[in-house]
Amino acid sequence: MSEVIATYVLSGKSGTFEKKAEGIALGLTVGSWTDLPQLEQEQLRKYKGRVVEINELESDTAEIRIAYPSGNYSNDIPAILTTVFGKLSLDGRVKLTDIEFSDDLKKAYPGPRFGIGGIREKVNVFDRPLLMSIFKGVIGRDLDYLQSQLRAQALGGVDLVKDDEILFDNELTPFEERIKAGTNILREVFEETGARTLYAVNLSGRTATLREKARRARELGADALLFNVFTYGLDVLQELREDEEISLPIMAHPSFSGASAASPQYGVSYSLWLGKFLRMTGADLSLFPSPYGSVALDKKQVLAIRDELVKPDEFNETFPVPSAGIHPGLVPQLIADFGHECVINAGGGVHGHPDGAAGGGKAFRQAIEAVLDGTTLVEAAFANKELDEALKLWGEGAAVSVKK
Ligand SMILES: CSCCC(=O)C(=O)COP(=O)(O)O
Ligand SMILES: [Mg+2]
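Residues numbered from 1 in each chain as written. Chains lettered and ligands numbered in written order. Predicted model: local features only at pLDDT ≥ 70, side-chain atom pairs only at ≥ 80, totals over all residues. Heavy atoms only, no water.

Caption draft 1: Representation of the pattern of salt bridges. Applying the stated rule across the entire model yields 30 salt bridges. When the shortest N-O distance is used, the salt bridge between Lys106 and Asp313 registers 2.9 Å. Residue Lys106 is located in helix H4 (residues 103-106), and its partner Asp313 is located in the loop between helix H13 (299-310) and strand S12 (319-323); the two are separated by 207 residues in the primary sequence. As a salt-bridge pair, Asp159 and Arg128 come within 2.9 Å of each other at their nearest N and O atoms. One end of the pair, Asp159, is in the loop between helix H6 (143-155) and strand S6 (160-162); the other, Arg128, is in the loop between helix H5 (115-123) and strand S5 (130-134), and 31 residues separate them in sequence. Since its relative accessible area comes to 9%, Arg128 is described here as buried. Beyond isolated ion pairs, a larger network of salt bridges with shared partners links Arg211, Glu212, Arg215, Glu239, Asp243 and Glu245. (Salt bridge = Lys/Arg side-chain N within 4 Å of Asp/Glu carboxyl O. Helix = DSSP H or I, 4+ residues; strand = E, 2+ residues; numbered from the N terminus. Buried < 20%, exposed > 50% of the residue type's maximum accessible area, 1.4 Å probe, protein only.)

Set out below in structure tokens:
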């Protein structure tokens, strides 16, 4: 059947959920809050939502699944979200936790253009988690500063460097100049070291300007785009992904997603937002708070995001990027939880190193190598000065509590 099935968690009294579910299935499709005497049987049969399942979870919550026929909406995320959780999102304690698409609807979505495999090819690294760092303290600084920070990060051995999501177009480091400067520095470093580092520039500004800016970025030789998806909308991401003249890897930043996903009782699940939908609409990398950094998310939620990004599917896989407050001491825990198919991402944990960003990058690479060799970080620190300094500064992760 051509439909989407939405899963919700509702609050209410035991025994009331059948009526609530029927009310949603009718109210979000052909019905209204009051009886409509002229509702036709034909309309009800073809367009009414269908209650698929009701599972009472605890005394005052239930998970319900409702199918919405595809004749009710156009096959795009804005229409589907408005159908399944438009008015309903304003209506009391109800959380949208998943949307399943029938195969015919799903195939209209592009998925990542490059995905994990394509990003690995670009940096020519296949046998370990990738390492990413973030420009920090760049607001109010000029291009020279940006270039020296980029050079230090690349010399530290990071595979990707991204703009911070709060760096927008500005007079000191304009978008196009950042791309040109970044491309030059990274070419120089490649000639010196043979290691390829990619730079993801923050694509920002008014929505109507994004497509042209992104095309221009490609013309200038940009490696990748960082995009604050949730302040624009998932459909904007999909537009950028589908544009053949852009064809650049897109790194989705989770900023603002917490406004609609953080509550256990309201909004949308993180796994739908930062997992399933980012992958369907074309993000090559999805950043999200790890369970143990400075903006820690619940571990079950984080693993559910990861599962959506890499589960077997017709789409390319999206790189999971656990982030925020990450330092080298957390590398064993990150690899234990996320395996090799992740990007370890750090800003403060790179730049705060006593030897600067180059030292920070090296400490991370040493930590990754130690884990892959089956060596403890403490043992590896004897032979690796940068890792030793990082562990002395931030510890081995034990000091940071892991949210279960
Ligand atoms: C909330 S996940 C995004 C990671 C990010 O953009 C960032 O700036 C993290 O910086 P940190 O210094 O915490 O590594
Ligand atoms: Mg940031």
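Right, picking up where we left off after that structure.
Caption draft 2: Structural context of the site of ligand 1. Neighbouring ligand 1 are 13 residues, the closest being Lys136, His253, Gly325, Gly347 and Gly348. Taking Gly348, its main chain carries an N or O atom lying 2.8 Å from an oxygen atom of ligand 1. Of the residues that constitute the shell around ligand 1, the class distribution is 4 nonpolar, 5 polar and 4 charged. (Near = heavy atom within 4 Å. Polar contact = N/O pair within 3.5 Å; in protein donor to acceptor, adjacent residues only side chain to side chain. Nonpolar A, V, L, I, M, F, W, Y, C, P; charged D, E, K, R; others polar.)

Caption draft 3: Quick peek at the packing of H13 against helix H14 (residues 331-338). Close contact between H13 and H14 brings their axes to 11 Å; oriented N to C, the two are set at 60 degrees. If you check the angle between H13 and H14, you find them oblique. Along the contact surface, H13 presents Lys299, Val302, Leu303 and Arg306, while H14 presents Gln333, Asp337 and Phe338. Along the lines of polarity and charge, the residues of the contact of H13 with H14 split into 3 nonpolar, 1 polar and 3 charged. (Axes fitted to C-alpha atoms, helices over the stretch in contact; angles between N-to-C directions. Parallel < 35°, antiparallel > 145°, perpendicular 65-115°, else oblique. Contact = heavy atoms within 4.5 Å.)

Caption draft 4: Representation of the coordination of the magnesium ion (ligand 2) within the structure. Every protein donor of the magnesium ion (ligand 2) is accounted for by Asp164 (OD) and Glu165 (OE), and the metal-donor separations fall at 2.0 Å. Residue classification places Asp164 among the buried residues on the basis of a relative accessible area of 11%. (Donors = N, O, S within 2.8 Å, 3.2 Å for Na, K, Ca; no water.)

Caption draft 5: Quick peek at the pairing of strand S13 (residues 343-346). On S13, burial covers both faces: Val343 and Asn345 on one face and Ile344 and Ala346 on the other are all buried. Strand direction decides the pairing type here: S5 and S13, joined by 4 bridges, are parallel. Bridging from a neighbouring strand, Met132 pairs with Asn345 of S13. (Pairing = 2+ DSSP bridges.)

Caption draft 6: Spotlight on the packing of aromatic side chains. The tally for this structure, following the rule as stated, stands at 8 aromatic pairs. A ring pair is formed by Phe227 and Tyr232, whose centres lie 4.8 Å apart and whose planes are at 20 degrees; its orientation type is stacked. Residue classification places Phe227 among the buried positions, given a relative accessible area of 1%. Judged by relative accessible area, Tyr232 falls into the partly exposed class, the value being 23%. Every member of this aromatic cluster is reached through a ring pair, and the members are Phe101, Tyr109, Phe230, Trp273 and Phe277. A cation over an aromatic ring shows up here: Arg141 above the ring of Tyr145, its NZ or CZ 3.7 Å from the ring centre. (Phe/Tyr/Trp six-rings, centres within 6.5 Å; stacked < 30°, edge-to-face > 60°. Lys NZ or Arg CZ within 6 Å of the ring centre and 35° of its normal.)

So yeah, pure geometry; function would need other evidence.
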